[in-house]
Amino acid sequence: NTVGIVGVSVKEGQNLPGVELAPEKIRSGGLLEVIKSLNWDYSDKGDIKTENIQIQERPSKIYKFNDFKNADVIGAVNEKLHNTTSEIAELGQFCITLGGDHGCASGSISGLKKVYKDLKVIWIDAHSDCNTPETSPSGNYHGMPVAHLFGWIPDGSVPGFDWFKSCLQKEDIVIIGLRDVDKEEKTLLAKHGIKCFSMHDVVKYGIAGVMEKTFEYFRKDGVDHPIHISYDVDGIDPTVAYGTGTKARGGLLYREAHYILREVVSTGLFVSMDVVEVNPLLDKEKEYFHGDNKLIKGTETVCLAIELCASALGDTLL
Ligand code: DIR
Ligand code: MN
Ligand code: MN
Ligand code: MN
């Protein structure tokens, strides 16, 4: 079994510097050793970086800078990522995309969808990331990829994203961990009937109940579908994942964060994961032992990201 890894060294989807450092920190913290120790081979595609991107000057922009910040550069990065995740999926490899901010998910998921036509997505996040340029309070694209994947931001309307085709239907996604959703996002989620499990639901049903309901929802048509997880680490509680740019109290516990992954592994349908919004400038250096005394190091949240990858690759507790 082989893991295809691609880093997205990009911060332009949000405000804070640091998130672009995550892919390198996650690798140097021990990801590749952990992957080997779990008996996987890997194929590392390196990092997509903004400095290698040529921006085309465009005469007119539909969206003002404030509505959709850095659209050109984000669009160009996501086109590369789209091509890379579809290549990885084409080879039948498990695909790991290391962000960068969550704005990379429209690129990673649209690329996977080319290969896995019936892909389902579990979106783990404190936020619902379904703003459009019209509703976004920030203009930050990391709060918009879900809307973009649904086509709520019309195809062809965004500079840099000429190549992009919206590719998800409402029944293709479940969002877990919500607790900081903007007012207009709430309206959109209700209007379109998007399946959401807020932190209230996580407490009410337990994470086991939430995962059962998620798999039931995906199997409504009686068939199995490949599953992608888009893992925003701010879905996890700030006491566990402090190193992220938009923290919200009352999130997933460490054990719940891993339980989700182990349950998806146990379906045999897990094909791909994004791990995003890790910001190594926002928390402290730590070291942890993992598995057979493998040292993982980096900041607390970098270590967590490595552990999430390990669980996604079938690391178990026994
Ligand atoms: C907020 C923050 N809803 C926005 N979104 C974040 O800017 O649209 N998503 N942090 O992960
Ligand atoms: Mn997010
Ligand atoms: Mn978030
Ligand atoms: Mn907010």
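Our subject is the structure listed above.
Residues numbered from 1 in each chain as written. Chains lettered and ligands numbered in written order. Predicted model: local features only at pLDDT ≥ 70, side-chain atom pairs only at ≥ 80, totals over all residues. Heavy atoms only, no water.

Caption draft 1: Up close: the pattern of salt bridges. Scanning the model with the defined rule gives seven salt bridges in all. A salt bridge links aspartate 47 to arginine 27; its shortest N-O distance comes to 2.8 Å. Here the residue aspartate 47 occupies a position in strand E2 (residues 41–49), and arginine 27 occupies one in helix H1 (residues 22–37), the gap between them amounting to 20 residues. Arginine 27 carries the same exposure label as aspartate 47, and that label is buried. (Salt bridge = Lys/Arg side-chain N within 4 Å of Asp/Glu carboxyl O. Helix = DSSP H or I, 4+ residues; strand = E, 2+ residues; numbered from the N terminus. Buried < 20%, exposed > 50% of the residue type's maximum accessible area, 1.4 Å probe, protein only.)

Caption draft 2: How the structure looks around the sheet that holds strand E3 (residues 94–99). Pairing is parallel in the open sheet, where eight strands are placed in the order E2-E1-E3-E8-E7-E4-E5-E6. The open sheet has two edge strands, E2 and strand E6 (195–198), and neither has a second partner. On average, adjacent strands in this sheet sit at an angle of 15° to one another, irrespective of strand direction. Bridge analysis of strand E1 (residues 2–9) against E3 gives six bridges, and the strand direction is parallel. Across the sheet, glycine 4 pairs through a bridge with cysteine 95, a residue of E3. Against the sheet, H1 contacts E1, E2 and E3, and its axis sits at roughly 175° relative to E2. Along the sheet, helix H3 (residues 105–115) makes contact with E3, strand E4 (120–124), strand E7 (227–232) and strand E8 (270–276), crossing E7 at roughly 175°. (Pairing = 2+ DSSP bridges. Axes fitted to C-alpha atoms, helices over the stretch in contact; angles between N-to-C directions. Contact = heavy atoms within 4.5 Å.)

Caption draft 3: Highlighting the site of ligand 1. With respect to spatial proximity, the complete set of residues near ligand 1 consists of Asp125, His127, Asp129, Asn131, Ser138, His142, Gly143, Asp182, Glu185, Asp232, Asp234 and Thr246. Side-chain polar atom of histidine 127 to an oxygen atom of ligand 1: 3.2 Å apart, as the coordinates give it. A distance of 2.7 Å separates a nitrogen atom of ligand 1 from a polar atom in the side chain of aspartate 182. Protein contacts shield 93% of the accessible area of ligand 1, which totals 320 Å² for the unbound molecule. Here the shell around ligand 1 is built from residues that sort into no nonpolar, six polar and six charged. (Near = heavy atom within 4 Å. Polar contact = N/O pair within 3.5 Å; in protein donor to acceptor, adjacent residues only side chain to side chain. Areas by Shrake-Rupley, 256 points an atom, 1.4 Å probe, with all protein chains shown as cover. Nonpolar A, V, L, I, M, F, W, Y, C, P; charged D, E, K, R; others polar.)

Caption draft 4: Seen up close, the environment of valine 19. Within the secondary structure, valine 19 sits in the loop between E1 and H1. Classification of valine 19 by relative accessible area gives buried; the value is 1%. Remark: the alpha-carbon pair of valine 19 and glycine 46, spanning 27 residues in sequence, is separated by 16 Å. Leaving out residues up to four positions away in the same chain, valine 19 has contacts with Val10, Lys11, Gln14, Gly99, Gly100, Asp101, Glu277, Val278 and Asn279.

Caption draft 5: The coordination of the manganese ion (ligand 4), seen in detail. Protein-derived coordination of the manganese ion (ligand 4) comes from Asp180 (OD) and Asp180 (OD), at a distance range of 2.6 to 2.8 Å. Looking at the element boundaries, aspartate 180 is found in the loop between strand E5 (173–178) and helix H5 (183–192). (Donors = N, O, S within 2.8 Å, 3.2 Å for Na, K, Ca; no water.)

Caption draft 6: Representation of H1 in the model. Counted at 1.5 Å a residue, the expected span for H1 with its 16 residues is 22 Å, and the 22 Å between its end C-alpha atoms agrees. The largest bend along H1 reaches roughly 60° and is located at serine 28. Of the positions making up H1, those classed as buried are Ala22, Pro23, Ile26, Arg27, Gly29, Gly30, Leu31, Leu32, Val34 and Ile35. Its buried side turned inward, H1 meets E1, E2, E3, strand E9 (285–290), strand E10 (294–299) and helix H8 (300–312). Phi turns positive, to about 65°, at asparagine 39, one or two residues after H1. (Expected span 1.5 Å × (residues − 1). Bend = angle between axes of the 7 residues up to and from the residue.)

Caption draft 7: Seen up close, the nonpolar core. Core analysis: the largest hydrophobic core is formed by 53 residues, its most contacted members being Phe94, Ile122, Ile176, Ile229, Tyr231, Ile260 and Met273. Per element, the largest residue contribution to this core is nine residues, and it comes from H8. With sequence-adjacent residues up to four places away left out, methionine 273 is seen in contact with Phe94, Cys95, Ile96, Thr97, His228, Ile229, Tyr231, Leu261, Leu308, Cys309 and Ala312. One finds Ala71, Cys95, Val121 and Val181 within the second-largest nonpolar core, a separate group that totals 47 residues. (Core = buried A, V, L, I, M, F, W, Y, C linked by side-chain atoms within 4.5 Å.)

Caption draft 8: The arrangement of H8 in detail. Look at H8: 19 Å from first C-alpha to last across 13 residues, which is about the 18 Å you get at 1.5 Å a residue. Along H8, 12 of the 13 residues are buried, which leaves the element largely enclosed by surrounding structure. Turning to H8, its buried residues number three or more, namely Thr301, Val302, Cys303, Leu304, Ala305, Ile306, Glu307, Leu308, Cys309, Ala310, Ser311 and Ala312. Within two residues after H8, glycine 314 carries a phi angle of roughly 95°, on the positive side.

Caption draft 9: Geometry of the state of the cysteines. Using the criterion set out here, one finds zero disulfides in the structure. No disulfide involves cysteine 167; its nearest neighbouring cysteine sulfur is the one of cysteine 104, lying 14 Å away. Here cysteine 303 is not cross-linked by a disulfide; its sulfur's nearest cysteine counterpart is in cysteine 309, at 12 Å. In this structure cysteine 303 comes out as buried when scored by relative accessible area, which is 0%. (Disulfide = S-S within 2.5 Å.)

Caption draft 10: Fine view of the pairing of E5. Burial within E5 is extensive, with six of its six residues counted as buried. Where E4 meets E5, four bridges bridge the pair, whose relative direction is parallel. Looking at E5, one finds that valine 121 is bridged to isoleucine 173. In terms of handedness, the path from E4 via helix H4 (residues 145–150) over to E5 forms a crossover that is right-handed. In terms of strand pairing, E5 meets E6 through four bridges, oriented parallel. Across the sheet, the residue bridging to isoleucine 175 is cysteine 196, located in E6. Handedness of the crossover is the feature at issue here: the chain leaves E5, passes through H5, returns alongside E6, and the resulting connection is right-handed. (Right-handed = clockwise from strand over helix to strand, strands pointing away.)

None of this, on its own, says anything about what the molecule does.
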